[in-house]
Amino acid sequence: MTAGIHHYQVDVEWTGNRGSGTSGYRDYDRNHTISADGKPAIPGSSDPAFRGDAARWNPEDLLVASASACHKLWYLHLCAEAGIVVTAYVDEAEGTMKEDASGGRFERIVLRPRVTIAAGNPELAASLHHAAHEKCYIANSVNFPILCQPSIES
């Protein structure tokens, strides 16, 4: 691995062949398995609106989760550096996607982290969400806004 360059290898295997492949739009399942060496598999499908299995993760869920997790990881890092002791962090993140003639795209993701701190300045704790957003790899990689509406409890 070269310093500053990171590669990620995952396998996505379609498991939805009912026996006749993609012979018709309604003739196959959208199910797949996401895997990587040494990690538990993730059962995936498409959104139920697109004939997917609601019990499985869809790409849109995973994009929202990725944005939320990346923000959280940077936020916790910055809090640790600033002497803010975070004891709980829960984000009720939500993404909005709009279908259009070209297929569709995300319009935005809203992060709603509820943070509990045991020590440190609550105002600084709130402001570090902005810094975390600026550093978040996912937020820096997408072409739509990721908003953050945090609450801090002490």
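Note that the structure is a prediction, hence the values are computed from the model and not measured.

A.B. asks: I would appreciate a short explanation of the environment of Thr-87 in the present structure.
C.D. replies: By the secondary structure assignment, Thr-87 is in strand β4 (residues 85–91). For the pair formed by Thr-87 and Ser-154, sequence separation is 67 residues and the distance between their alpha carbons is 9.4 Å. Setting aside anything within four residues of it in sequence, one finds Thr-87 in contact with Thr-116, Ile-117 and Ala-118.

A.B. asks: Where do I start with the environment of Ala-119 in this structure?
C.D. replies: In this fold, Ala-119 is placed in strand β7 (residues 113–119). Given the relative accessible area of 34%, Ala-119 is considered partly exposed. Taking the C-alpha atoms as reference points, Ala-119 and Ile-84, separated by 35 residues in sequence, lie 5.5 Å from one another. Sequence-distant contacts of Ala-119, defined by excluding residues within four places in its chain, comprise Gly-83, Ile-84 and Val-85.

A.B. asks: Can you help me understand the sheet that holds β7 in this one?
C.D. replies: Sheets are built from strands paired through backbone hydrogen bonds, the pairs being either parallel or antiparallel. Spatially, 3 strands are ordered β4-β7-β9 in an open sheet, and the strand pairing comes out mixed. Whereas interior strands pair on both sides, the edge strands pair on one side only; in this sheet they are β4 and β9 (151–153). For this sheet, the mean inter-axis angle between neighbouring strands, taken without regard to orientation, is 20 degrees. As paired elements, β7 and β9 share 3 bridges and run parallel to each other. When the bridges of β9 are listed, Thr-116 appears paired with Glu-153. Helix α1 (residues 59–82) rests against β4, β7 and β9 of the sheet, and its axis sits at about 170 degrees to β4.

Scoring rules and cut-offs
- Residues numbered from 1 in each chain as written.
- Predicted model: local features only at pLDDT ≥ 70, side-chain atom pairs only at ≥ 80, totals over all residues.
- Heavy atoms only, no water.
- Helix = DSSP H or I, 4+ residues; strand = E, 2+ residues; numbered from the N terminus.
- Contact = heavy atoms within 4.5 Å.
- Buried < 20%, exposed > 50% of the residue type's maximum accessible area, 1.4 Å probe, protein only.
- Pairing = 2+ DSSP bridges.
- Axes fitted to C-alpha atoms, helices over the stretch in contact; angles between N-to-C directions.

Functional significance is not addressed by these values, which are geometric in nature.
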